[in-house]
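# Structure assessment
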Amino acid sequence: MNALVILAFFVPGLVVGTALRLRGWALVGGAPALTAGVIALGTVVLGPLHIYWNLLSVSLWTLVLAAFLGLITWLVRRRNNAGDPILEPKRSLGEHLMIAAGVVVGAGFGVFTYLRGLGYHLDTVNQDWDAPHHGNAVRWIAEHGTPLPSALAPLANLPEGASYFYPNTYHALLAPLLDTVVPMPQLLNLGAMAIIVAWVAGVAALAATWRMPAVAAAAAAVTATWFTAFPYDSLWRGPLWPYVAGVAMIPGALAIARKILTVKGLTGPLGLGLSFAGLTGLHTSLAFVAATYGIVLLAAFVFKLEPIDWKNSRKRLIATAAWALACLIPIMLPALSQSAGVTGAQWDEFASPAEGIGQVLLFSPTSAFPQWFLGLAAIVGIWLMIRHRRLVWVVGAWVVFGALYAACASLNNAVINILSGPFYNDAWRFAALLPLAGALAVGELTWTVSAKVTEKFGSRVSTPRAAFVVPVVVALAFGAVLGVLSKGGYIGRNSHAISITNRSGDTVSPGEREAYQWLSQHSKGHPVMNDRQDGSVWLYALAGVQPMEWSYYGAKEETDQGILTRHLQDIDKDPKIRQIIDEHGIKYVLFGVGYVRPYTIPAPGLQTLDKLPEMKKVYENPQARVYEILPAGSNGRS
């Protein structure tokens, strides 16, 4: 059943991509981005129609969208008698198998690293700030059947119907799988593993479709999961699951972009537009990332760093822009309601400008200790990519994102805040964008070393078999040396990073999870009063019990939740407290041990529950207590 979660990231995209006449690595690597596009458009179409969001409706929507886009593609292709305007070199079966082997090794390495960081337990709950919101959103969509972002308002401690937006494509993708396939903790962790697989497949597809040698594409896929900055840093900090998913799908989307140049008709435009819609649905900031890649790619065309037949490609470029806008606008518009809160976020600077630039050059952003061997190999590879004029536009995007990272990590001024605003002014999010160029650069270096050494053999590699085998052997040897120097591809460093928050910790402890399950059996649909900082905001995601405080941010003071958080201990003195309790039907109060941030004290209203005659302790373990709120006039004690 676990494999179904990973397949869910690929299958809808494979269906739609096949209908669009995508083939080969563009289809395989681009499938997750297309899947995200299917889900993002599905939330826009099915949500307003009040069609219940579940596995059946999503499957039918995928088939309908595939048929619609496939029919358009077929009609246009038939009308234009489409062929291939650019003759692409055909790869041999051996080259395809080499790239596939790189994907298997790279994905396996990344999944193992993540699983090792979990302590080999898929049931592990992430202990950091954003995790419960994502879990709550997945369960809310699964139980309420509505994929509209605005429907998630209660999760932000807002009343139903309030103006609210949070990108929810990732949650809508996972929701139909909840409980029917796997329970919540496993689902979230398997989703992270699926992201890693999508990342590796996308890197290989980008390299393969944009004419990198097979050795380079395979090496890029293998080393794509060695960089700490992505995907690992964003899988423990936050975790930023939707954003990480979007970044992981960028290379697959860029692989589809190649088809705009190589295939007549609408295969490229429709595929790229749908995949960009998926990226934006995962996180709206990725629209700016996609735009950056689009601008630098156009610049590469203009300055003849990438070949293009303007006459042949002009109409498809226009069609791509039009279709992308048509897909993006209904997804982006709701986000405007929350833009002020996003751009107003602030994070402390943690580096000097020189340190920031150095971290970019060594592909070790946010790290106190650089990944020396991997970083040096990558920067040499960047130089080789420029020298060989290979994917120079990816290098250009790396320069842009690297400059934004260095500036955001070290400076705080109006200009930097405007440029980094869509990314929550968070340098870590820019850091996640750098390893794509790094992986491709290591691949380019590996191929260059392989080619140079092979040349030394001269006539000994004159036979087709020797000409194929020798470069592969050299590349494997070079990769092995790099792997040894980097202590096994930095697996210890990266699995440790994952373990920082993906563990059994004080925030959500085993005892607290036992208390959640007790409440799921006894609360009978009634909300539970809780302390927002003690991990109990996971109550709904893990046990299906609605808490009064939904997020670590907490409700505003003037709301019912805010009043109880601060004044529940006044239940015997303030009639308003009892009125709020009765109006919401609250039967129990949950008190957990351990908090999401150090030096946090219990919520004021929950500090003296043992002293209140209105509270009866009905459940206790070393890490959690549950109190029953007795009816007015009762005087029971535990």
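Provided above is the structure to which this section pertains.
The present account deals with the structure reproduced in this document. (Residues numbered from 1 in each chain as written. Predicted model: local features only at pLDDT ≥ 70, side-chain atom pairs only at ≥ 80, totals over all residues. Heavy atoms only, no water.)

### Observations regarding helix α11 (residues 241-257)
If you check α11, its first and last C-alpha atoms are 25 Å apart, about what 17 residues at 1.5 Å a residue would give, namely 24 Å. Taken as a whole, α11 carries its principal kink of about 35° at Ile-250; the proline Pro-251 stands between one and four residues after it. Burial runs high along α11: 17 of the 17 residues are buried. (Helix = DSSP H or I, 4+ residues; strand = E, 2+ residues; numbered from the N terminus. Expected span 1.5 Å × (residues − 1). Bend = angle between axes of the 7 residues up to and from the residue. Buried < 20%, exposed > 50% of the residue type's maximum accessible area, 1.4 Å probe, protein only.)

### Concerning the nonpolar core
Among the nonpolar cores identified, the biggest contains 190 residues, and Ile-250, Trp-393, Leu-440 and Trp-538 are the most heavily contacted of them. Of the residues forming this core, the biggest block, 20 residues, is contributed by helix α8 (residues 184-209). Setting aside its immediate chain neighbours within four residues, Ile-250 contacts Leu-279, Leu-286, Val-289, Tyr-293, Leu-433 and Leu-436. (Core = buried A, V, L, I, M, F, W, Y, C linked by side-chain atoms within 4.5 Å. Contact = heavy atoms within 4.5 Å.)

### A closer look at the pattern of salt bridges
Applying the stated criterion across every chain, the model contains eleven salt bridges. A salt bridge links Arg-513 to Asp-123, with the nearest nitrogen and oxygen atoms 3.0 Å apart. Residue Arg-513 is found in helix α25 (residues 510-522), and its partner Asp-123 is found in the loop between α5 (93-117) and α6 (131-144); the two are separated by 390 residues along the sequence. Residue Arg-513 is classed as partly exposed on the basis of its relative accessible area of 22%. Of the residues examined, Asp-123 reaches a relative accessible area of 34% and is grouped as partly exposed. The partner of Glu-444 in a salt bridge is Arg-390, with the nearest N and O atoms 3.1 Å apart. Of this pair, Glu-444 sits in helix α22 (residues 435-457) while Arg-390 sits in the loop between α18 (372-387) and α19 (392-410); the two residues are 54 residues apart in sequence, bridging distant segments of the chain. Arg-390 matches Glu-444 in its accessibility class, with the two residues each being buried. (Salt bridge = Lys/Arg side-chain N within 4 Å of Asp/Glu carboxyl O.)

### Description of the packing of helix α3 (residues 24-46) against helix α13 (residues 267-282)
Packed helices, taken two at a time, are described by their axes: the angle between them and the distance between them. One way to put it is that α3 packs onto α13 with a least axis distance of 7 Å and a crossing angle of 70°. Overall, the two elements α3 and α13 adopt an arrangement that is roughly perpendicular. The residues of α13 that touch α3, namely those facing Ala-33, Leu-34, Ala-36, Gly-37, Val-38, Ala-40 and Leu-41, are Gly-271, Leu-274, Ser-275, Ala-277, Gly-278, Gly-281 and Leu-282. For the contact of α3 with α13, the class distribution of residues is nine nonpolar, five polar and no charged. (Axes fitted to C-alpha atoms, helices over the stretch in contact; angles between N-to-C directions. Parallel < 35°, antiparallel > 145°, perpendicular 65-115°, else oblique. Nonpolar A, V, L, I, M, F, W, Y, C, P; charged D, E, K, R; others polar.)

### Overview of unusual backbone geometry
Excluding glycine, most residues fall at negative phi; most peptide bonds, likewise, are trans. The residue after Phe-230, namely Pro-231, is reached through a cis peptide bond having omega 10°. With respect to the helices and strands, the residue Pro-231 is situated in helix α10 (residues 228-236). Omega for the peptide link from Gly-238 to Pro-239 comes to -15°, which places this bond in the cis form. Looking at the secondary structure, you find Pro-239 in the loop between α10 and α11. Not every positive phi belongs to a glycine, and Tyr-120 is a case in point at roughly 65°.

### A word on the pairing of strand β4 (residues 624-629)
The element β4 is extensively covered by neighbouring structure, given that five of its six residues are classed as buried. Sheet topology note: the strand β3 (residues 615-621)/β4 ladder contains six bridges and is antiparallel. The residue bridging Lys-616 from the neighbouring strand is Glu-628, located in β4. Between β3 and β4, which pair antiparallel one after the other, the connecting turn spans two residues. (Pairing = 2+ DSSP bridges.)

### Brief notes about the packing of aromatic side chains
A complete count under the given rule lists 20 aromatic pairs for this structure. Centre to centre, the rings of Tyr-293 and Trp-393 are 6.4 Å apart; their planes meet at 85°, and the pair counts as edge-to-face. Of this pair, Tyr-293 sits in helix α14 (residues 286-302) while Trp-393 sits in helix α19; the two residues are 100 residues apart in sequence, bridging distant segments of the chain. Note on Trp-393: relative accessible area 2%, which makes it buried. Between the aromatic rings of Phe-363 and Trp-398, the centroid separation amounts to 5.2 Å while the plane-to-plane angle is 10°, which identifies the pairing as stacked. Residue Phe-363 is found in the loop between α17 (353-361) and α18, and its partner Trp-398 is found in helix α19; the two are separated by 35 residues along the sequence. Here Phe-363 matches Trp-398 in class, with each residue buried. Ring pairing ties together the aromatic residues Trp-210, Tyr-293, Trp-393 and Phe-401, which thus form one cluster. Lying across the ring of Trp-210, Arg-258 places its NZ or CZ 4.9 Å from the centre. A cation over an aromatic ring shows up here: Arg-390 above the ring of Trp-447, its NZ or CZ 4.9 Å from the ring centre. (Phe/Tyr/Trp six-rings, centres within 6.5 Å; stacked < 30°, edge-to-face > 60°. Lys NZ or Arg CZ within 6 Å of the ring centre and 35° of its normal.)

### Quick notes on the sheet that holds strand β2 (residues 588-592)
In a beta sheet, neighbouring strands are held together by backbone hydrogen bonds and run either parallel or antiparallel to one another. With mixed pairing, four strands are arranged side by side in an open sheet as β1-β2-β4-β3. Edge positions in the open sheet fall to β1 (528-529) and β3, since each of these has one partner strand only. Pairing between β1 and β2: two bridges, direction parallel. Counterpart to Val-528 in the pairing with β2 is Tyr-588.

On their own, these measurements won't tell you what the molecule is for.
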